[in-house]
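Next come the chains, spelled out residue by residue.
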Amino acid sequence: MNAPHREPGFRDSVNMMFNHAVRLMDLTPGLEEKIRVCNSTYTVRFGVRLRGTIHTFTGYRSVHSEHMEPVKGGIRFAMGVNQDEVEALAALMTFKCALVEVPFGGSKGGLRIDPREWDEHEMELITRRFAYELAKRDLIHPSQNVPAPDMGTGEREMAWIVDQYRRMNTTDINASACVTGKPLNAGGIAGRVEATGRGVQYAIQEFFRHPEDLKAAGLEGDLEGKRVVIQGLGNVGYHAAKFLSEEDGCKIVGVIERDGAILDPNGIPIEFLRSHVQASGGVKDFPRGTYVEDGQSLLEHDCDILIPAALESVINLTNAERIKAPLIVEAANGPITAGADDILRSRGKVIIPDLYVNAGGVTVSYFEWVKNLSHIRFGRMQRRQEEAQNQMLVKEIDRILSVSGAEHGLSKAFKEQFVRGAGELELVRSGLDDTMRTAYQSMREVWHSRKGVEDLRTAAYIVSIGRVAGSYRSKGL
Ligand code: GLU
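Just so we're clear, the structure is a prediction, and the values are computed from it rather than from any experiment.

Novice: So what exactly am I meant to see when it comes to the overall build of the chain here?
Specialist: Within the chain, the secondary structure is distributed over 16 helices and 13 strands. Seen through its C-alpha atoms, the chain measures out along the principal axes to roughly 80 × 60 × 55 Å. Residues counted as buried form 56% of the 477 residues belonging to the chain. Across the chain, contacts joining residues at least 24 apart in sequence account for 70% of those joining residues at least 6 apart. Working note: accessible area of the chain is about 20600 Å², and carbon and sulfur atoms make up 49% of it.

This is how it looks when you write it as structure tokens:
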């Protein structure tokens, strides 16, 4: 990529990354164009009567690629939503799904709204009306287009959307598969809320399993004690920070939020900070560490791993030269602009790209959609049978140990852990872990073996574009 002098928009930035990858591939020009362009974007302006007057809202649902259906991608509620952003995010969904072998095309939706300005009842009216507008055009549909949570939306909004769809399609037996990220009692799946953050953890764990890749970033050893700066303590950032610190021994030395940042070289207790943010609306006045008013400046702080987990374009031409972290893990979509990507790469930084890192959300969404279509919870049939088998084995080992006069039998803790059959949560985690490992391996193989590929992002695009191209070719295009 040639670094532009001026920052391109988000969609142009994604296109530049795409173009960089296809230059190293052997695609026919027509097919290349077909894969790059966004198929359609629907814009809707609708009015809702609230507080005595009619308020008009603008929403989008963009479909990037229908090489596989349904198409998939979240719905974002934020003031910054615009067509360029939704189209860039829809393109990322296409490549993300292809990379992790989730059989969906790419889509994304957005509503220009500040959810903090409206109460719960008002949000419900607005969300239902938006869902109605999309569902009547099949832009919400179990076999055509399946939304999910994104920035500013969560289980609550998904529950309203599925209910709205059901009211409009009273005889559709697969209605609950029209959207994912639903609460458990509305057809959701265990582990979906934490899925994107869990995927970020699995992505980093997999990277650390490859000493050669660690070396490329100038790092060594395991995750224990690694210093992490994270931007955004929303659903993704919070779960990633929590799992990395509580389970892998990382030290979260910096957290950047809307109103500033907290810096603590001894490690920030994430649960404590999260409760503080939820109670007070920000990180200011947090009793531990140091408060930094210019939160963004912490992106440039000295650390081992930098995890932008909030907005797009936060690492750009204005700060790329000053980023110190040797490893940047893109938990957000598009946090690094194309120009910044060039600069960071020439400075020897290793970037684990968004289309891989945050694919945990859509991966578990896929499991939820499959669960909804099969109308049965994962593990329901096998769990007790598995336990009975394991129990038999444990009993037999104990019997052999005792007749052979061994001093000790199997420990109680081991038996308990071994005997337990996998429930839905264990199966979801296992499926997600396997997906993240496999996808990383397919990327790194291209990174290390293909001529001209210098970074993981280009490798990720090459893997994804190759798969999308394969599926178009098999359709005869
Ligand atoms: N909004 C999430 C993303 O950007 C999840 C999408 C989905 O689950 O469909 O990947």
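Novice: I'm lost on the packing of aromatic side chains in this one. Help?
Specialist: For any two aromatic rings, the description comes down to two numbers: the centre-to-centre distance and the angle of the planes. Applying the stated rule across the entire model yields 13 aromatic pairs. Residue placement shows arginine 198 over the ring face of phenylalanine 243; its charged tip is 3.6 Å from the ring centre. Here the basic side chain of arginine 274 rests over the ring of tyrosine 238, its NZ or CZ set 4.0 Å away from the ring centre.

Novice: Help me out: how do you make sense of the sheet that holds strand β7 (residues 227-231) in this one?
Specialist: Picture the strands of a sheet paired through backbone hydrogen bonds; they go either parallel or antiparallel. Taken together, seven strands build an open sheet; the order of strands is β10-β9-β8-β7-β11-β12-β13 and the sheet is mixed. Edge positions in the sheet fall to β10 (290-292) and β13 (350-352), since each has one partner strand and no second. Averaged over all neighbouring strand pairs, the angle between strand axes comes to 20°, with direction disregarded. With three bridges joining them, strand β9 (residues 260-263) and β10 adopt antiparallel strand pairing.

Novice: What exactly am I supposed to notice about the site of the ligand here?
Specialist: In the vicinity of the ligand lie 14 residues, with Lys72, Lys96, Pro149, Asp150 and Ser365 positioned nearest. Here lysine 108 contributes a side-chain N or O atom positioned 2.9 Å from an oxygen atom of the ligand. Serine 365 places a polar side-chain atom, nitrogen or oxygen, 2.6 Å from an oxygen atom of the ligand. Protein burial of the ligand: of its 290 Å² of free accessible surface, 95% is covered by the chains. In terms of residue count, helix α12 (residues 360-374) provides more of the shell around the ligand than any other element does, three residues in total. Here the residues of the shell around the ligand are counted per class, giving four nonpolar, five polar and five charged.

Novice: Whenever I open this one, the nonpolar core confuses me. Can you help?
Specialist: In globular proteins that are soluble, nonpolar side chains generally tend to be buried together. Ile35, Phe207, Ile307, Tyr356, Tyr461 and Ile465 are the most contacted members of the largest nonpolar core, which has 90 residues in total. If near-sequence neighbours (up to four positions away) are discounted, tyrosine 461 is found in contact with Val14, Met17, Phe18, Ala21, Leu92, Phe95, Leu355 and Gly466. Within the second largest apolar cluster, 28 residues are counted, among which are Val48, Leu134, Trp160 and Ala175.

Novice: What is the right way to look at a nonpolar patch on the surface in this model?
Specialist: On the surface, Leu393, Ile397, Phe414 and Phe418 cluster together to form a nonpolar patch covering roughly 320 Å² of accessible area. Listing elements by their share of the nonpolar patch, those giving two or more residues are α13 (383-403) and α14 (412-419). Within the element layout of this structure, leucine 393 appears in helix α13. With a relative accessible area of 43%, leucine 393 lands in the partly exposed category.

Novice: Hey, could you run me through unusual backbone geometry in this one?
Specialist: The bulk of non-glycine residues show a negative phi, and the bulk of peptide bonds are trans. For the bond running from glutamate 69 to proline 70, omega is 10°, close enough to zero to count as cis. Tracing the backbone through its elements, the reader meets proline 70 in the loop between β2 (53-65) and β3 (71-72). Despite not being glycine, aspartate 285 has its phi angle at roughly 70°, a positive value. Its identity is not glycine, yet histidine 375 carries a phi of approximately 60°, on the positive side. Tracing the backbone through its elements, the reader meets histidine 375 in the loop between α12 and α13.

Novice: Just to check I follow, could you spell out the pairing of β2 for this structure?
Specialist: Strand residues, when the strand is regular, have side chains that alternate between the two faces of the sheet. Note: strand β1 (residues 40-50) against β2, 11 bridges, orientation antiparallel. Note on β2: the bridge partner recorded for serine 40 is valine 63. Turn length for the β1-β2 hairpin, with the two strands adjacent in sequence and antiparallel, is two residues, and the turn residue arginine 51 shows positive phi of about 50°.

What counts and how
Residues numbered from 1 in each chain as written. Predicted model: local features only at pLDDT ≥ 70, side-chain atom pairs only at ≥ 80, totals over all residues. Heavy atoms only, no water. Helix = DSSP H or I, 4+ residues; strand = E, 2+ residues; numbered from the N terminus. Buried < 20%, exposed > 50% of the residue type's maximum accessible area, 1.4 Å probe, protein only. Contact = heavy atoms within 4.5 Å. Areas by Shrake-Rupley, 256 points an atom, 1.4 Å probe, with all protein chains shown as cover. Phe/Tyr/Trp six-rings, centres within 6.5 Å; stacked < 30°, edge-to-face > 60°. Lys NZ or Arg CZ within 6 Å of the ring centre and 35° of its normal. Pairing = 2+ DSSP bridges. Axes fitted to C-alpha atoms, helices over the stretch in contact; angles between N-to-C directions. Near = heavy atom within 4 Å. Polar contact = N/O pair within 3.5 Å; in protein donor to acceptor, adjacent residues only side chain to side chain. Nonpolar A, V, L, I, M, F, W, Y, C, P; charged D, E, K, R; others polar. Core = buried A, V, L, I, M, F, W, Y, C linked by side-chain atoms within 4.5 Å. Patch = residues over 30% accessible without salt bridge, like charges linked within 9 Å, V, L, I, M, F, W, Y side chains within 5 Å. Salt bridge = Lys/Arg side-chain N within 4 Å of Asp/Glu carboxyl O.

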